Amino acid sequence: MIRMILMAVTAMLALPGWAAELGDDGLHKTAWMRDTFKDLREDLDEANAEGKRLVLFFEQRGCVYCTQMHEEVFPRPEISSYISDNYFVVQLNLHGDTEVTDLDGEVLSEKAAARKWRVLFTPTILFLPEEVPTAESAADAAVAVMPGAFGPGTTLDMFTWVNEKRYTLETDEDFQRYHARRIQERNNGSTD
């Protein structure tokens, strides 16, 4: 019996961890994050060409909430595959110096972009529409912002709500009402 337990523990330790690996910048990296030149107009065009929505993920080194999302939420197959299938994800560092070209053409560092777009903490996810006027910044164009770490149900509901363009529907069902309805439909006893 002890031998079987040791074999099971050894097998579990040999499996890759659920958390995304950390890059040299201290940020979590997932298979569905894109390594781009951070020219958001080009990223938007590429996302559209793939039939996906552009999202901007702001994270920072040592962010416990980012770690929570990467360990408990994003590894879930239904969430990871939904993001991978429907979104073109560009990661930005809240304190980074990498050059970003905003949708309005302004070139600035990641940290300056965060200030310009009023991103105060991490994680923050900005969801962009398929079409953005040339004079509009990413923050002004965003159709939704997910400010902070949320549980699996809330996260999947937000990505679904944006992907289905529910923000354009002329109903009283804003995201909170949509999310409340989805909780009831899941009926699994979880508020998330």
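The structure we're discussing is the one just above.
On a predicted model such as this, the values are computed, not experimentally measured, just so you know.

A look at the nonpolar core
And step 1. In this structure, L54, L56, F58, W117 and L128 are the most contacted members of the largest nonpolar core, which totals 25 residues.
And step 2. Among the elements of the structure, helix 2 (40-49), strand 4 (53-59), strand 5 (87-93), helix 5 (110-116) and helix 6 (138-141) are those that each provide at least two residues to this core.
And step 3. In this structure L56 touches L40, V90, L92, W117, T124, I125, L126, L128 and A138, once residues within four positions along its chain are discounted.
And step 4. I79, Y87, V89 and F175 belong to the second largest nonpolar core, which has 22 residues in total.

Comments concerning the sheet that holds strand 9 (residues 144-147)
And step 1. The strand order across the open sheet formed by five strands is 3-5-4-8-9, and the pairing between neighbours is mixed. For this open sheet the edge positions go to strand 3 (33-34) and strand 9, each flanked by a neighbour on one side alone.
And step 2. Contacts from helix 2 reach strand 3, strand 4 and strand 5, with the element oriented near 135° to strand 4.

Considering the packing of helix 4 (residues 77-86) against helix 7 (residues 152-163)
And step 1. Contact geometry for helix 4 and helix 7: axes closest at 10 Å, N-to-C directions at 20°. Classified by the angle between their axes, helix 4 and helix 7 sit roughly parallel to one another. The two elements helix 4 and helix 7 cross, and the hand of that crossing is left-handed. Residues E78, I79, Y82, I83 and N86 of helix 4 lie in contact with helix 7, whose contacting residues are P152, T155, L156, F159, T160 and N163.
And step 2. Looking at the contact of helix 4 with helix 7, its residues break down into six nonpolar, four polar and one charged.

Concerning the pairing of strand 5
And step 1. Judged by how many residues are buried, strand 5 sits mostly within the fold: seven of seven residues are covered.
And step 2. Looking at chain direction, strand 3 and strand 5 are connected through two bridges and run parallel. When the bridges of strand 5 are listed, R34 appears paired with V90.
And step 3. In terms of strand pairing, strand 4 meets strand 5 through seven bridges, oriented parallel. Paired with R53 across the strands is Y87, a residue of strand 5.

Re the pattern of salt bridges
And step 1. Under the counting rule described, the total for this entry stands at 17 salt bridges.
And step 2. In this structure, E185 engages R181 in a salt bridge whose closest nitrogen and oxygen atoms are separated by 2.6 Å. Placement of both E185 and R181 in helix 8 (residues 175-186) is noted, with a separation of four residues, approximately one turn of the helix.
And step 3. Overlapping salt bridges, with partners in common, bring together D157, E164, R166, E173, R181, R182, E185 and R186 in one network.

Observations regarding the packing of aromatic side chains
And step 1. Summed over the entire model, instances satisfying the criterion amount to eleven aromatic pairs.
And step 2. Judged by centre distance (5.8 Å) and plane angle (75°), the ring pair of F58 and W117 falls under edge-to-face. Pair noted here: F58 is in strand 4 and W117 is in the loop between helix 5 and strand 8 (124-127), with a separation of 59 residues, a long-range link.
And step 3. Under the relative-accessibility criterion, F58 is labelled buried at 0%.

Description of helix 7
And step 1. If you check helix 7, its first and last C-alpha atoms are 16 Å apart, about what twelve residues at 1.5 Å a residue would give, namely 16 Å.
And step 2. Counting buried positions along helix 7 gives ten out of twelve residues, so the element sits mostly inside the fold.
And step 3. Within helix 7 the residues assigned to the buried category are P152, G153, T154, T155, D157, M158, F159, T160, W161 and V162.

Examining helix 4
And step 1. Considered for burial, the residues of helix 4 that qualify are I79, Y82, I83 and N86. An end-on view of helix 4 places all buried positions within 95° of arc, on one side of the element. Residues of helix 4 that are exposed and point more than 90 degrees away from the buried face comprise P77 and D85.
And step 2. Buried residues along helix 4 sit in contact with strand 4, helix 3 (64-73), strand 5 and helix 7.

What counts and what doesn't
Residues numbered from 1 in each chain as written. Predicted model: local features only at pLDDT ≥ 70, side-chain atom pairs only at ≥ 80, totals over all residues. Heavy atoms only, no water. Core = buried A, V, L, I, M, F, W, Y, C linked by side-chain atoms within 4.5 Å. Buried < 20%, exposed > 50% of the residue type's maximum accessible area, 1.4 Å probe, protein only. Helix = DSSP H or I, 4+ residues; strand = E, 2+ residues; numbered from the N terminus. Contact = heavy atoms within 4.5 Å. Pairing = 2+ DSSP bridges. Axes fitted to C-alpha atoms, helices over the stretch in contact; angles between N-to-C directions. Parallel < 35°, antiparallel > 145°, perpendicular 65-115°, else oblique. Left-handed = near helix turned anticlockwise from the far one by under 90°. Nonpolar A, V, L, I, M, F, W, Y, C, P; charged D, E, K, R; others polar. Salt bridge = Lys/Arg side-chain N within 4 Å of Asp/Glu carboxyl O. Phe/Tyr/Trp six-rings, centres within 6.5 Å; stacked < 30°, edge-to-face > 60°. Expected span 1.5 Å × (residues − 1). Arc of directions from axis to C-beta.

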